[in-house]
Amino acid sequence: MSLNLKTKYEKKIKDALMTEFSYKSVMEVPKLEKIVINAGVGDGAADAKFIEAMSNEIQVITGQKPILTKSKKAIATFKLRENQAIGVKVTLRGERMWNFVENLVNVALPRVRDFKGVSNNSFDGRGNYTIGIKEQIIFTEINYDDIKRVRGFDVTFVTSTKKNEVAKAMLKAIGLPFAKQR
């Protein structure tokens, strides 16, 4: 099934971009290289259980064990020590990436209350796009009763193109619902 997802989405991307940007060869068409999911857990400085809980939730959502992100320096006002765990992140590639895209586009985003589409302004100028998810409970894999605290995380789509317009066309072809321009 996952191979079908990969071929399905890559065909959508190829068909959309070949016509829109007049690429002469299939090899010119940019690809979605990876998806990085990052969750900062500010309360993790006070209690390691929050980081462990978020790590478990990200693992359930993505199907991959996240790594801990640690502070680079000590900041006394935040009661933060150097090398203290402050978040989790996971990088998805291949089958898991396409499974996550399918789940995000077809299941999770439609469950967001008052959803009008994802922002058109979240490109970084290098062809990468970041979505901020406000609540992890939009994913069906999360059991609401097991949640200690409702948290959000960032989902970054890393593409092989350096142009925002091409990246936006690629994400549209995948099915990411962009907000209507005013």
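Further up the page is the structure itself.
I will try to describe carefully the structure that is included in this document.

Thresholds applied
Residues numbered from 1 in each chain as written. Predicted model: local features only at pLDDT ≥ 70, side-chain atom pairs only at ≥ 80, totals over all residues. Heavy atoms only, no water. Phe/Tyr/Trp six-rings, centres within 6.5 Å; stacked < 30°, edge-to-face > 60°. Helix = DSSP H or I, 4+ residues; strand = E, 2+ residues; numbered from the N terminus. Buried < 20%, exposed > 50% of the residue type's maximum accessible area, 1.4 Å probe, protein only. Lys NZ or Arg CZ within 6 Å of the ring centre and 35° of its normal. Core = buried A, V, L, I, M, F, W, Y, C linked by side-chain atoms within 4.5 Å. Contact = heavy atoms within 4.5 Å. Pairing = 2+ DSSP bridges. Axes fitted to C-alpha atoms, helices over the stretch in contact; angles between N-to-C directions.

## Side note on the packing of aromatic side chains
Summed over the entire model, instances satisfying the criterion amount to seven aromatic pairs. Geometrically, the ring pair formed by Tyr129 and Phe178 is edge-to-face, given 5.5 Å between the ring centres and 65° between the ring planes. Linking Tyr129 in strand S4 (residues 129–133) with Phe178 in the segment after helix H4 (164–174), this pair joins segments that are 49 residues apart in sequence. Just as Tyr129 is buried, Phe178 falls in that class too. Here a set of aromatic residues connected by ring pairs shows up, and it is made of Phe100, Phe139 and Phe153. One cation-aromatic arrangement involves Lys168 over Phe178; the distance from NZ or CZ to the ring centre is 5.2 Å.

## Section: the nonpolar core
Among the nonpolar cores identified, the biggest contains 47 residues, and Ile35, Leu104, Phe139, Phe153, Phe157 and Leu176 are the most heavily contacted of them. The set of elements that each furnish at least two residues to this core consists of helix H1 (2–20), strand S1 (32–40), helix H2 (48–62), strand S3 (85–92), helix H3 (94–108), S4, strand S5 (153–159) and H4. In terms of residue count, H3 provides more of this core than any other element does, seven residues in total. Apart from the residues lying within four places of it in its own chain, the contact partners of Leu104 are Leu109, Pro110, Ile131, Ile133, Phe139, Phe157 and Leu176.

## Observations regarding the sheet that holds strand S2 (residues 67–70)
In spatial order, the strands read S2-S3-S1-S5-S4; together these five strands make up an open sheet with antiparallel pairing. The sheet is open, and its two borders are formed by S2 and S4, each paired with just one other strand. Geometrically, the sheet is characterised by an average inter-axis angle of 25° between neighbouring strands, direction not taken into account. Where S4 meets S5, five bridges bridge the pair, whose relative direction is antiparallel.

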